[in-house]
Amino acid sequence: MNTAGHSEATERRGLELTPFRGLRYDPDLVGSLAAVTSPPYDVVVRPDGLHHLQNSDPHNIVRLILPQATTVGARNEQAADTLHRWLSEGVLTTDPEPGLYVYEQSDGNGLLQRGVIGALRLSDPSEGVVLPHEDVMPHVVADRAALMRATSANLEPLLLTYRGNGSPADTTTVVERIAEAPALLSTTTEDGYSHRLWSVTDPTDLSRIQTDLAHHQALIADGHHRWATYRRLRAEHPSPSPWDYGLVLLVDTVRYPLRVRAIHRLLHGLPVADALSSLDGLFRVRRLEVPLPEALEVLADAACAGNAFLLAGDGAFHLVDHPDPDLLARTIPADRPAAWRTLDATVLHATLLDHVWLIPEDDPTRIAYIHDTAATVRKAERDGGTAVLMHPVREEVVRDLARQGVTMPRKSTSFGPKPASGLVLRALDV
């Protein structure tokens, strides 16, 4: 990997995005590019979504990012064998020269997002170059690290955002000019999103992008566990090495604002009736006999006035709000900024999960984190558990806390649209 021309001062100052030789599907050897893509590994709703994607094409990327076998070791060995087989068969091919990649997503309803995919030099939070805003679960990092070790590849890009300055020489100017040319690949996935990808190999364009990004810091919008995985694996390999870098998509949210959605919780083994009875005298609870869209509107209104949640799983929706102030004072740490103490996610984890319901937030047998609202409700009703529906946090709040070095409770936000997995991969031995 060529890192010439980048001084130590540049590395400390901001983002260092480096070209790489992308691994991409040969469209002549797969059913379609759309059929081999997937949402990021943690968005795939198991087992329904996983089985659907596996059946859509024998080469779907989920066979690498979510291999299925009886043991962890067998899963990772299976993913490595699959990757090597696809490479030997030419299903995945390596681009002839290193480059960055311009990536565009659009939904046909006015949403347009563009960014740059590249190998980003890893940094520690103390350097203030890449800002995390959520805590991570150690078992998830360990799982991703084992998979990445086995495959020696970055299988899907993280989503990072930065705030461009709108100057004529900035990255977004280059991105938008390149997006006027014919794309390297184009496909539309079954969710209605169109995806286009361009390779950037011209030295002048690469230099303009790298020079501009060296003056910026980034916020991790999606991929905290994979970023933590990158950093863990970097520590295992003597520097310099390809493990000093990780695959990311960088989006200028001044030009292309992201959508921020909530990530919901599914509490296994806790019926709604039990969850509600334990809130007596601690929160106000109101039963809503309305459809999901209307219940979410009620939640949005209540969230404007204070902490509020929707509980579901018994065929109705229950608005939980107006927490007892004394309860909050007893359960929420006082050594954090007010913006953190008043987050719904903070109240959920510190008060409801830790104190009222006694559910460990990192125990996958007790709690699941699901992005799709309707799917969370369906699973709760089917399994007899409790769905806890959240209202999203504003991006400004997330960024302000991250700049203060304050991380939010894990799985607090869902930024999007997220990059599709399977359009471009990065091998660490190329």
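Small disclaimer: the values here were computed from a predicted structure and weren't measured. (Residues numbered from 1 in each chain as written. Predicted model: local features only at pLDDT ≥ 70, side-chain atom pairs only at ≥ 80, totals over all residues. Heavy atoms only, no water.)

Let's talk about the packing of aromatic side chains
Put simply, the rule is: Note on aromatic contacts: the rings of Phe and Tyr and the six-membered ring of Trp form a pair at centre separations within 6.5 Å, being stacked when their planes are under 30 degrees apart, edge-to-face when over 60 apart, and tilted otherwise. Helix and strand definitions follow DSSP, with helices as H or I runs of at least four residues and strands as E runs of at least two, each counted in order from the N terminus. Whether a charge lies above a ring is judged from NZ of Lys or CZ of Arg, which has to be within 6 Å of the ring centre and within 35 degrees of the ring normal.
Under the counting rule described, the total for this entry stands at three aromatic pairs. Pairing Tyr25 with Trp86 gives two aromatic rings, centres 6.1 Å apart and planes at 50°, and the pair type is tilted. With Tyr25 in strand β2 (residues 22–25) and Trp86 in helix α5 (residues 72–89), this residue pair connects regions lying 61 residues apart in the sequence. Seen from the ring of Tyr41, Arg144 lies directly overhead, with NZ or CZ sitting 4.0 Å from the centre. The residue whose ring lies beneath Arg336 is Trp340, and the NZ or CZ to ring-centre distance is 4.4 Å.

Brief notes about the confidence of the model for the protein
Rules: What pLDDT expresses is the predictor's confidence in each residue, scored from 0 to 100. In this analysis, two residues are considered to be in contact whenever any of their non-hydrogen atoms come within 4.5 Å of each other.
Scored by pLDDT, the protein has a mean of 91; 94% of the residues are at 70 or more. Every residue in residues 1–11 is under pLDDT 50, and counting partners more than four places away or in other chains gives 16 contacts.

Remarks on helix α7 (residues 171–178)
Note the following rule: Partly exposed describes any residue whose relative accessible area lies between the buried limit of under 20% and the exposed limit of over 50%, with all areas from a 1.4 Å probe on protein chains only and scaled to the type maximum. Note that the arc is defined by the directions from the helix axis to the C-beta atoms.
Buried residues of α7: Thr171, Thr172, Val174, Val175 and Ile178, and no others. Down the axis of α7, the sector holding all buried residues measures 160°, keeping them to one side.

Points about the sheet that holds strand β7 (residues 153–154)
Threshold: Each pair of strands is called paired provided DSSP finds at least two bridges between the two strands.
Strand order in the open sheet made by the four strands is β3-β2-β21-β7, with antiparallel pairing throughout. Looking at the sheet topology across the chains shown, the edges are occupied by β3 (92–94) and β7. As defined by bridge partners, β7 adjoins strand β21 (residues 425–427) across two bridges and the pair is classed as antiparallel. Its bridge partner lying in β21, Ala153 is registered against Ala427.

A closer look at the environment of Asp143
One can find Asp143 in helix α6 (residues 138–151). Its relative accessible area of 26% is what places Asp143 among the partly exposed residues.

Looking at the sheet that holds strand β17 (residues 317–321)
Note the cut-off: Only the stretch in contact is used when a helix axis is fitted, and all axes are lines through C-alpha atoms; the angle between N-to-C directions ranges over 0 to 180 degrees.
Spatially, the six strands line up as an open sheet ordered β15-β17-β16-β19-β14-β18, and their pairing is antiparallel. Every other strand in the sheet has two partners, leaving β15 (284–288) and β18 (367–370) as the edge strands with one partner each. The average angle at which neighbouring strand axes cross in this sheet is 25°, direction not considered. Here strand β16 (residues 308–312) runs beside β17; their pairing, made up of five bridges, is antiparallel. Its bridge partner lying in β17, Ala308 is registered against Asp321. On top of the sheet, helix α14 (residues 344–357) reaches β14 (264–267), β16, β18 and β19 (386–389); it is set at about 55° to β16, its chief contact. Packed onto the sheet, helix α15 (residues 373–383) meets β14, β16, β17, β18 and β19 and runs at close to 160° relative to β19.

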